[in-house]
Amino acid sequence: KAGVTQTPRYLIKTRGQQVTLSCSPISGHRSVSWYQQTPGQGLQFLFEYFSETQRNKGNFPGRFSGRQFSNSRSEMNVSTLELGDSALYLCASSLEVVGTEAFFGQGTRLTVV
Amino acid sequence: AQRVTQPEKLLSVFKGAPVELKCNYSYSGSPELFWYVQYSRQRLQLLLRHISRESIKGFTADLNKGETSFHLKKPFAQEEDSAMYYCALRRGAGSYQLTFGKGTKLSVIP
């Protein structure tokens, strides 16, 4: 079956712009989480969605937002981009079963210049 | 709040030598623990989960609740084991958020 798909794979944006990243989970998975990966901070949790509802949010400023649609696809948005937002953004989907794994996408590499 | 600590950023071992990647966690409840691996130019993927107590690619990990550790071990390292390894914790109880350690880069020297 198809894995988690993230689009686009690469993005270059200018400071102050906004950006929207997309994630299509594995069919049947209703839980979607987003993570920011940087060399200095590693993998940090952004937010988690289940059935179109945000269940948890990490310690990121309000410029970072997300949503989930009825087909479980998810988007995250970053407004007023800063240089420090340059990172690999990963999306993961999972089934709602104890002990089940999270399946990760390839990520979107965002570069802010 | 939960925390995962991987004390080694880089671990170099010779092929055939034993490997141990350390992971310690802090969480007051009963967490689920995982090891994820990221090979060069590949996506992050699950290696092991404590709940299944399995051995994958020769790797094992035992959850020690007394020492709050979940160390990853392999008796004989192979060159193809070279990768980034991340220990992760999930609280459960309705949340599927993963808290990751900073990762350990394993380099197996031929």
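See above for the structure.
It should be emphasised that the depicted structure is a prediction, and the values quoted were computed from it without experimental measurement.

Quick notes on the rules
Residues numbered from 1 in each chain as written. Chains lettered and ligands numbered in written order. Predicted model: local features only at pLDDT ≥ 70, side-chain atom pairs only at ≥ 80, totals over all residues. Heavy atoms only, no water. Pairing = 2+ DSSP bridges. Helix = DSSP H or I, 4+ residues; strand = E, 2+ residues; numbered from the N terminus. Phe/Tyr/Trp six-rings, centres within 6.5 Å; stacked < 30°, edge-to-face > 60°. Buried < 20%, exposed > 50% of the residue type's maximum accessible area, 1.4 Å probe, protein only. Core = buried A, V, L, I, M, F, W, Y, C linked by side-chain atoms within 4.5 Å. Polar contact = N/O pair within 3.5 Å; in protein donor to acceptor, adjacent residues only side chain to side chain. Contact = heavy atoms within 4.5 Å. Disulfide = S-S within 2.5 Å.

**Focus: the pairing of strand E6 (residues 53–57) of chain A**
All names here are of chain A.
Consideration 1: Across four bridges, the pairing between strand E5 (residues 42–50) and E6 is antiparallel. Across the sheet, the residue bridging to Tyr49 is Gln54, located in E6.
Consideration 2: Hairpin connection of E5 to E6: two residues between the antiparallel strands, including Ser51 at a positive phi of 50 degrees.

**Quick look at the packing of aromatic side chains**
Residue and element names in this part refer to chain A.
Consideration 1: Following the criterion strictly, the structure yields 11 aromatic pairs over all chains and no others.
Consideration 2: Measuring from centroid to centroid gives 5.8 Å for Tyr35 and Phe45, while their planes differ by 65 degrees, and the two rings are edge-to-face. Of this pair, Tyr35 sits in strand E4 (residues 31–38) while Phe45 is found in strand E5, placing the two residues 10 residues apart along the sequence. In this pair, the class of Tyr35 matches that of Phe45, namely buried.

**Comments concerning the nonpolar core**
Consideration 1: The biggest cluster of nonpolar side chains holds 24 residues, and the ones touching the most others in it are Trp35(B), Leu47(B), Leu72(B) and Tyr85(B).
Consideration 2: Those elements giving two or more residues to this core turn out to be strand E2 (10–14), strand E3 (19–21), strand E5 (32–38), strand E6 (45–49), strand E9 (83–92) and strand E11 (104–109) of chain B.
Consideration 3: Of all hydrophobic cores here, the second largest spans 21 residues; its members include Leu21(A), Ile26(A), Leu46(A) and Met76(A).

**Description of the sheet that holds E3(B)**
Residues and elements named next belong to chain B.
Consideration 1: One open sheet holds the three strands; their spatial order is E3-E8-E7, and the pairing between them is antiparallel. Pairing within the sheet leaves two strands with one partner each, and these edge strands are E3 and strand E7 (60–61).
Consideration 2: Where E3 meets strand E8 (residues 72–74), three bridges bridge the pair, whose relative direction is antiparallel. Within E8, the residue paired with Val19 across the bridge is Lys74.

**Topic: the side chain of His71(B)**
All names here are of chain B.
Consideration 1: Its place among the elements puts His71 in the loop between E7 and E8.
Consideration 2: You can call His71 buried: its relative accessible area is 15%.
Consideration 3: In terms of polar contacts, His71 uses its side chain to reach the backbone amide nitrogen of Cys23, at 2.9 Å.
Consideration 4: Each residue touching His71, except ones within four places of it in the same chain, is listed here: Glu20, Leu21, Lys22, Cys23, Asn24, Trp35, Thr60, Ala61 and Asp62.

**Details of the state of the cysteines**
All names here are of chain A.
Consideration 1: Enumeration according to the criterion identifies two disulfides over all chains in this entry.
Consideration 2: One disulfide in the model links Cys23 with Cys91; its S-S distance is 1.8 Å. With the S-S bond torsion at -55 degrees, the cross-link from Cys23 to Cys91 turns out left-handed. Here the residue Cys23 occupies a position in strand E3 (residues 19–24), and Cys91 occupies one in strand E9 (residues 87–94), the gap between them amounting to 68 residues.

**Looking at unusual backbone geometry**
Consideration 1: Looking along the chain, the bond that leaves Thr7(A) and enters Pro8(A) is cis, with omega of -10 degrees.
Consideration 2: Within the fold, Pro8(A) resides in the loop between strand E1 (5–7) and strand E2 (10–13).
Consideration 3: A positive phi angle, near 80 degrees, is found at Ser72(A), a position not held by glycine.
Consideration 4: A residue is classified by how much of its surface remains accessible, and Ser72(A), at 10% relative accessible area, is buried.
Consideration 5: A positive phi angle, near 45 degrees, is found at Thr68(B), a position not held by glycine.

Keep in mind that these numbers describe shape and distance, not what the molecule does.
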